[in-house]
Amino acid sequence: MITHRNIIRKIFSRVLVLFAFTYISIFIFSIPQGYSWKIIDGRFVSTYPLYMIVKRCNNIFISLLELNLGHSMMGKALNEILFTSFKRTALLISSSIVLAFVLGVFKGISDSNKGNKNCASTKVLISVIPISIPDVLIAAIMQSFAIWLNKKDIYMFRVAGTGTLAHSFLPIIALSILPAFYIARITSLAVNDCYKKAYVLTALGKGCSSARILWNHVMRNAIRGIVEGLPSITSIIISNTLIVEYMFSYPGLTTSLMNHITMGDGRSSAIIIVFIGSFYFILNGLFHVVSAVVNKSNRREAI
Amino acid sequence: MNEIIKVLNLKKYFEIHDVKNSEKKYVKAVDGISFSINEGETLGLVGESGSGKTTTGKLILNLIKPTSGDIFLEGKSLKSFNKKNMKKFRKDIQVVFQNPYAALDPKMTIRDILIEPLSIHKIVSKYEYNNEVRRLLSIVGLSEKDMNKFPHEFSGGQRQRIGIAKAIAVRPKFIICDEPVSALDVSVQSQILNLLCDLQRDLKISYLFIAHGLNVIRHVSDKVAVMYLGKIVEYGDTKSVFDDCAHPYTKALVSSAPIPDPKRKNNNIVLKGEIPSPINIPEGCPFHPRCKDAIEICKNKKPFLRKVTGDHMAACHLI
């Protein structure tokens, strides 16, 4: 009973935050261009009445709740724009999360000292350095590499644009590098922590091979820590999507947002921002659920 | 009786890196110890924290490599073991750790924990795994209903029983018990100690019993080795070491053990100062800065184990 109440309370609080975020986003985009205000003779005077902004914001908010997304300034149906660009962004983000997870876990295992305290920390340094490199630079390096390959008549990677799967490879790699090294650090620490546990020593004493110890004892316990770190990389991936999509001219959600902001289409921009925000909330929630499922002892707490 | 384990001049020095000083320094965790354990015999290893007891256990288990010295299992040197021999060595020597909460993999059921050593060493065929697990659980006084439970569902005493079941699963000849009862409450301690004694009687297992509690050591051991700063300072039969202790450190340890008799006067020997750092072990006898009977020779010359009576030996110039 308590668990059900907790679930309802948790969902309610999340939905409330989502609504507040939605309203604030729409409000910001409801403010017309060139809006300014002054205080003349102690009175607040603005170029556009505040109640009109609130009314405009309310109208958009209600139409959003009714799922009546309407049309953009260009006359295109907004739900169609959202659906097409969301498909591309979802492919980009989900692929990069999977790639980052796989790369990060293997790099983390390789970085860990596996119980040997005197192991050199060069590998760890190699993981730390890429975290400090800006994503713009990573994307630029990727593009330079693709140009170099194209010059050699190798068209496995496309420098920019969309249309084929080859166009998605570089954005996916560029987007996954940073989270991969974050996951590598988390994995390395979690694995090192597990190697210090007495049950690993016991397993060694029993005659388990090093591979068996790694997969049966260390990784089974370390995966908890790794999965718990996944929600924190959601924000990194979502914010980097903007840079990557822009750099690779990848027509996803954030490119669509940039286009609508440039056109001054406040209503469409607000709706796209709400959509991106909702996507972040859902992804983050999903990671929390996965974390709770993997970590049985924290399941109740997570609920 | 057959000699199961023999340790000969075993040393383990851990190198430490001082950022201020380029000079290499070593922590002399184990500094030239020798002893042997016969079949069905228990050697109690006692000493203060940091005296090198656990390191000795890990060295015998081959979990860490010794700096020098040798360990013999049934007369065969560990140095001569190849991969196949090492697997057999792992089967013959098992360990029960101090903390039963940390020694069991939290993600494995008791069945999986007990099956793992059976499958590694091919003790029984896989069709007999369940029967063997039931048998092991019944030996340590647990029910077969516990098979599919996780370690967190058990009390400390039950977990230590599982730890013992896991150790005896591979039918070892020798078990290192690294303070197996110090994390348990007194009522459970006696149950575990009795279980270990019963297993020794039935299965002819030898133990190296590492402990702080002198009463525990006295209860389970046939022989006792007292360690101080990585060295054995007194060694011999349990009775002679406890009743006629020769080394001042052993005397202090024995005198500090509480006696459940309110009429008896407390004659505690209080040692002065702290145990010296194992990085800078004092010249001469390592115990001399804390010894009330120390004389000039103690400051200059290292004492070696010398005979007191029969097998009883102590490393003291005053003997």
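Just so it is clear, the structure is predicted and the values come from calculations on it, not from any experiment.

**Let's talk about the overall build of chain A**
Helices and strands together make up the secondary structure of chain A, namely 12 helices and 2 strands. Along chain A, from the amino end to the carboxyl end, the secondary structure elements read α-β-β-α-α-α-α-α-α-α-α-α-α-α. Out of the 303 residues in chain A, the part that is buried amounts to 35%. When contacts within chain A are restricted to residue pairs at least 6 apart in sequence, those whose partners lie at least 24 apart make up 72%.

**Focus on the overall build of chain B**
Broken down by element type, chain B carries 10 helices and 12 strands. For 319 residues, the compact-globule estimate of 2.2 N^0.38 gives 20 Å, and the C-alpha radius of gyration of chain B, at 21 Å, lies within 12% of that figure. With respect to the three principal axes, the spread of C-alpha positions in chain B is 70 × 55 × 45 Å. Out of the 319 residues in chain B, the part that is buried amounts to 41%. Taking as baseline every contact in chain B between residues at least 6 positions apart, the subset at least 24 positions apart corresponds to 65%.

**What to know about the nonpolar core**
Counting residues in each nonpolar core, the largest one holds 123 residues, and the members touching the most others are L208, F209 and V226 of chain B. The dominant element in this core, judged by the number of residues it contributes, is helix α6 (residues 166-195) of chain A, at 17 residues. Dropping the residues within four chain positions of it, L208 of chain B is found in contact with I37, L43, L45, G57, I60, I176 and C177 of chain B. Counting residues in each nonpolar core, the second largest holds 16 residues, with L69, I81, L253 and I271 of chain A among its members.

**A look at the interface of chain B and chain A**
Between chain B and chain A, the contact holds 19 residues from the first and 13 residues from the second. A breakdown of the residues in the side of chain B that touches chain A according to their chemical character gives 10 nonpolar, 3 polar and 6 charged.

**Brief notes about the sheet that holds strand β6 (residues 93-96) of chain B**
Residues and elements named next belong to chain B. The 8 strands are arranged β6-β7-β8-β3-β9-β10-β12-β11 in an open sheet whose pairing can be described as mixed. Two strands close off the open sheet at either side, each with one partner strand: β6 and β11 (306-309). Put simply, the sheet's adjacent strands are angled 20° from each other on average, direction ignored. Sheet topology places strand β3 (residues 42-47) next to strand β8 (residues 206-211); 5 bridges connect them, and they run parallel. Counterpart to L45 in the pairing with β8 is I210. Each of β6 and β7 (174-178) is contacted by helix α5 (residues 156-168), which is oriented at about 175° to β6, the strand it contacts most.

**Regarding the domain arrangement of chain A**
All names here are of chain A. Here chain A is described as being made up of domain 1 (1-68) and domain 2 (75-302). Between the C-alpha centres of domain 1 and domain 2 the distance comes to 32 Å. With 11 residues of domain 1 at the interface, the matching set in domain 2 holds 12 residues. If you list the elements that add at least two residues to the side of domain 1 that touches domain 2, you get α1 (2-30) and α2 (50-65). Ranked by the residues each element gives to the side of domain 1 that touches domain 2, the list is headed by α1, at 8 residues. Within the side of domain 1 that touches domain 2, the residues separate by chemical class into 6 nonpolar, 4 polar and 1 charged.

**Section: the sheet that holds strand β1 (residues 3-16) of chain B**
Residue and element names in this part refer to chain B. In space, the 4 strands of this open sheet follow the order β2-β1-β4-β5, with antiparallel pairing throughout. Each end of this open sheet is capped by a strand with a single partner; those strands are β2 (25-38) and β5 (76-77). Here β1 pairs with β2 via 11 bridges, running antiparallel. Its bridge partner being in β2, K6 is matched across the sheet by S36.

**Structural notes on the pairing of strand β4 (residues 68-73) of chain B**
Residue and element names in this part refer to chain B. Bridge count for β1 against β4 is 5 bridges, and the pairing is antiparallel. Across the sheet, the residue bridging to V7 is I71, located in β4. Relative to β5, β4 runs antiparallel, the two being bridged by 2 bridges. In the sheet register, L73 faces β5, and the bridge partner there is K76. Here β4 hands over to β5 after 2 residues, with E74 in that stretch at a positive phi of 50°.

Rules used in this analysis
Residues numbered from 1 in each chain as written. Chains lettered and ligands numbered in written order. Predicted model: local features only at pLDDT ≥ 70, side-chain atom pairs only at ≥ 80, totals over all residues. Helix = DSSP H or I, 4+ residues; strand = E, 2+ residues; numbered from the N terminus. Buried ≥ 20, exposed ≤ 12 C-beta atoms within 10 Å, placed from the backbone. Contact = placed C-beta atoms within 7 Å. Rg over C-alpha atoms; globule rule 2.2 N^0.38 Å. Core = buried A, V, L, I, M, F, W, Y, C linked by C-beta atoms within 7 Å. Nonpolar A, V, L, I, M, F, W, Y, C, P; charged D, E, K, R; others polar. Pairing = 2+ DSSP bridges. Axes fitted to C-alpha atoms, helices over the stretch in contact; angles between N-to-C directions. Domains from an automatic or database assignment.

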